[in-house]
Amino acid sequence: MPWHARSDPDRCARVFFDQLARDVGWAIEWRELSVDAVQAARNFAYIDGGTILADVLRPAIKPVTDVPADSIATAPARTS
């Protein structure tokens, strides 16, 4: 089943972060991110306060006008 068709905590987190970024004029280009890297950084965020998660997401944060609104529906790269 494609990642965007499931209802799971990872998808909820992506939707939350995507909406939060768009509300302040930014967007996350999910197609540029590795699912595995985001999941690992998210799992470690409670220990480091989100530092690694921010580092993983930062390269994919773009001005909202540069990212199509439906980019969240496109699967990020799976590295495994």
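Below is a short write-up of the structure.

Definitions and limits used
Residues numbered from 1 in each chain as written. Predicted model: local features only at pLDDT ≥ 70, side-chain atom pairs only at ≥ 80, totals over all residues. Heavy atoms only, no water. Helix = DSSP H or I, 4+ residues; strand = E, 2+ residues; numbered from the N terminus. Buried < 20%, exposed > 50% of the residue type's maximum accessible area, 1.4 Å probe, protein only. Contact = heavy atoms within 4.5 Å. Patch = residues over 30% accessible without salt bridge, like charges linked within 9 Å, V, L, I, M, F, W, Y side chains within 5 Å. Areas by Shrake-Rupley, 256 points an atom, 1.4 Å probe, with all protein chains shown as cover. Salt bridge = Lys/Arg side-chain N within 4 Å of Asp/Glu carboxyl O.

Another aspect to go through is the overall build of the protein chain. Scanning the protein chain for helices and strands turns up 3 helices and 2 strands. Within the protein chain, the proportion of its 80 residues that are buried is 32%. Residue pairs at least 24 apart in sequence account for 75% of intrachain contacts in the protein chain once pairs closer than 6 positions are excluded.

Our next topic: a nonpolar patch on the surface. A cluster of nonpolar side chains, contributed by Phe 44, Tyr 46, Ile 47 and Ile 52, occupies part of the molecular surface with about 450 Å² of accessible area. Ranked by the residues each element gives to the nonpolar patch, the list is headed by helix 2 (residues 35–48), at 3 residues. Its location among the elements puts Ile 52 in helix 3 (residues 51–57). By relative accessible area, which is 37% here, Ile 52 ends up partly exposed.

The tally for this structure, following the rule as stated, stands at 4 salt bridges. In this structure, the salt-bridge partner of Glu 29 is Arg 31, at a minimum N-O distance of 2.7 Å. Judged by relative accessible area, Glu 29 falls into the buried class, the value being 7%. Judged by relative accessible area, Arg 31 falls into the partly exposed class, the value being 37%. The salt bridge involving Glu 32 is made with Lys 62; its shortest N-O contact spans 3.4 Å. With Glu 32 in the loop between strand 1 (26–28) and helix 2 and Lys 62 in strand 2 (residues 61–63), the pair connects residues that are 30 residues apart, well separated along the chain.

Just geometry here; none of it tells us what the structure is for.
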